[in-house]
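Descriptive analysis of the structure
Now for the letters of each chain:
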Amino acid sequence: MVKILIVDDEPRIRELIREHLEHAGYECEEAADGSAALVALAKGGIDLVILDVMMPFMDGMAALKEMRSRKIDTPVIMLTARGEEYDKLAGLEGGADDYVVKPFSPRELVARVKAVLNRTLPKEKAEGESYVFGGLSIDTASHMVTIDGKEADLTPKEFDLLVFLSANKGIALSREKILQKVWNYDYTGEDRTVDTHVKMLRSHLGRYRDNIITVWGVGYKFVPEVD
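Below: a short report on this structure. A quick note: this is a predicted structure, and the numbers were derived from the prediction, not measured.

A word on the overall build of the chain
Along its length, the chain carries nine helices and 12 strands. Across the 227 residues of the chain, 42% fall into the buried class. Restricting to contacts in the chain with at least 6 residues of sequence separation, those with at least 24 account for 55%. Put simply, the chain shows about 12,000 Å² of open surface, and 50% of that area lies on carbon and sulfur atoms.

A few points about the environment of Phe104
Note that Phe104 resides in the loop between strand 5 (98-101) and helix 5 (106-120). Look at Phe104 and you get buried, because its relative accessible area is 15%. Residues in contact with Phe104, not counting those within four places in the same chain, are Leu16, Ile17, Leu79 and Leu109.

Describing helix 7 (residues 156-167)
For helix 7, with 12 residues, the first-to-last C-alpha span of 16 Å sits near the 16 Å given by 1.5 Å per residue. Within helix 7, the full set of buried residues consists of Glu158, Phe159, Asp160, Leu161, Leu162, Val163, Phe164, Leu165 and Ser166.

Describing the sheet that holds strand 3 (residues 48-52)
Taken together, five strands build an open sheet; the order of strands is 2-1-3-4-5 and the sheet is parallel. One side of each edge strand has no neighbouring strand; the edge strands of this open sheet are strand 2 (27-31) and strand 5. On average, each strand axis in the sheet is tilted by 20° relative to the strand beside it, whichever way the strands run. Here strand 3 runs beside strand 4 (residues 76-80); their pairing, made up of four bridges, is parallel. Bridged to Ile50 within strand 4 is Ile77. Sitting on the sheet, helix 2 (residues 34-42) is in contact with strand 1 (3-7), strand 2 and strand 3, with an inclination near 165° to strand 1.

Quick look at the packing of aromatic side chains
By the definition in use, this model includes one aromatic pair. For the ring pair Phe133 and Phe222, a centre distance of 4.8 Å and an interplane angle of 55° mean the geometry is tilted. Highlighted residues: Phe133 in strand 6 (residues 130-133) and Phe222 in strand 12 (residues 219-222), separated in sequence by 89 residues. For Phe222, a relative accessible area of 0% corresponds to the buried category.

Quick notes on helix 5
Helix length check: helix 5, at 15 residues, gives a terminal C-alpha distance of 21 Å against a target of 21 Å (1.5 Å per residue), a fit within 8%. Among the residues of helix 5, those classed as buried are Leu109, Val110, Val113, Val116 and Leu117. One side of helix 5 holds all its buried residues, which, seen down the axis, span an arc of 125°. In helix 5, the exposed positions that point more than 90 degrees away from the buried face belong to Arg107, Asn118 and Arg119.

Description of the nonpolar core
Grouped together as the largest cluster of nonpolar side chains are 27 residues, with contacts concentrated most on Leu165 and Ile178. Contributions of two or more residues to this core are made by strand 6, strand 7 (136-139), strand 8 (144-147), helix 7, helix 8 (175-183), helix 9 (191-204) and strand 12. Broken down by element, the residue count for this core peaks at six residues, all from helix 7. Setting aside anything within four residues of it in sequence, one finds Ile178 in contact with Leu161, Phe164, Leu165, Leu173, Trp183, Val194 and Tyr220.

Observations concerning unusual backbone geometry
For the bond running from Lys102 to Pro103, omega is -10°, close enough to zero to count as cis. Along the chain, Pro103 turns up in the loop between strand 5 and helix 5. With a phi angle near 65°, Lys71 is a residue other than glycine that sits in the positive phi range. Within the fold, Lys71 resides in the loop between helix 3 (60-69) and strand 4. Among the residues examined, Lys71 registers a relative accessible area of 72% and is labelled exposed. Even without glycine at this site, Asp148 takes up a positive phi of about 55°. Secondary-structure assignment places Asp148 in the loop between strand 8 and strand 9 (150-151).

Quick look at the packing of helix 2 against helix 3
Their axes nearest at 9 Å, the elements helix 2 and helix 3 cross at an angle of 30°. What the angle tells us is that helix 2 and helix 3 run roughly parallel. Crossing of helix 2 over helix 3 shows right-handed handedness. Contacts between helix 2 and helix 3 involve Gly34, Leu38 and Leu41 on the former and, on the latter, Ala63, Glu66 and Met67.

The rules we used
- Residues numbered from 1 in each chain as written.
- Predicted model: local features only at pLDDT ≥ 70, side-chain atom pairs only at ≥ 80, totals over all residues.
- Heavy atoms only, no water.
- Helix = DSSP H or I, 4+ residues; strand = E, 2+ residues; numbered from the N terminus.
- Buried < 20%, exposed > 50% of the residue type's maximum accessible area, 1.4 Å probe, protein only.
- Contact = heavy atoms within 4.5 Å.
- Areas by Shrake-Rupley, 256 points an atom, 1.4 Å probe, with all protein chains shown as cover.
- Expected span 1.5 Å × (residues − 1).
- Pairing = 2+ DSSP bridges.
- Axes fitted to C-alpha atoms, helices over the stretch in contact; angles between N-to-C directions.
- Phe/Tyr/Trp six-rings, centres within 6.5 Å; stacked < 30°, edge-to-face > 60°.
- Arc of directions from axis to C-beta.
- Core = buried A, V, L, I, M, F, W, Y, C linked by side-chain atoms within 4.5 Å.
- Parallel < 35°, antiparallel > 145°, perpendicular 65-115°, else oblique.
- Left-handed = near helix turned anticlockwise from the far one by under 90°.

Geometric descriptors of this kind do not, in isolation, establish any biological role.
Written out as structure tokens, the structure reads:
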């Protein structure tokens, strides 16, 4: 799954961006300033950075300069409240791939993210990932799940849950972890929310319902094959 790093010192802005990107099928990670972003980038696995310019400790321009000096060529979309042309040019000339001015439309930002990824990612990853387990097929690009060739009728949240479980196949995932990743980090629902959605998801998976197993005292695990 494509992973995007959201770097902004305002938690509400990060939450807004994260909500829309995850709805579009992307995985997200967050950082509150440029130095934290560099730490996250050093770990690898980031496909794109949304980088705010005005931040404490290390601002976006300084972080971008440091990224490029370290030969980190991850694409960057700059995000700022300033809209003067010289600011845009400074970001683009510094190695940014695009520039969005606050206040922004989340839908426009998602569209720009898709455009940058389509230019920079390998074709197969830009178009989305697929998971195939026997007759169960999950396509993140089309948001389609098929079972033995027949499309399963899942809600968007059931689809997100299935993708998260299958992407972490063989790993026991706690209900808290599932709530954080499938809903969002600030979700305050009860564990029953996960149990209810797992029950509904299983009801749509036919003979593959048992691929989602309950790990007592922990949560759930997706297993590719069931004995």
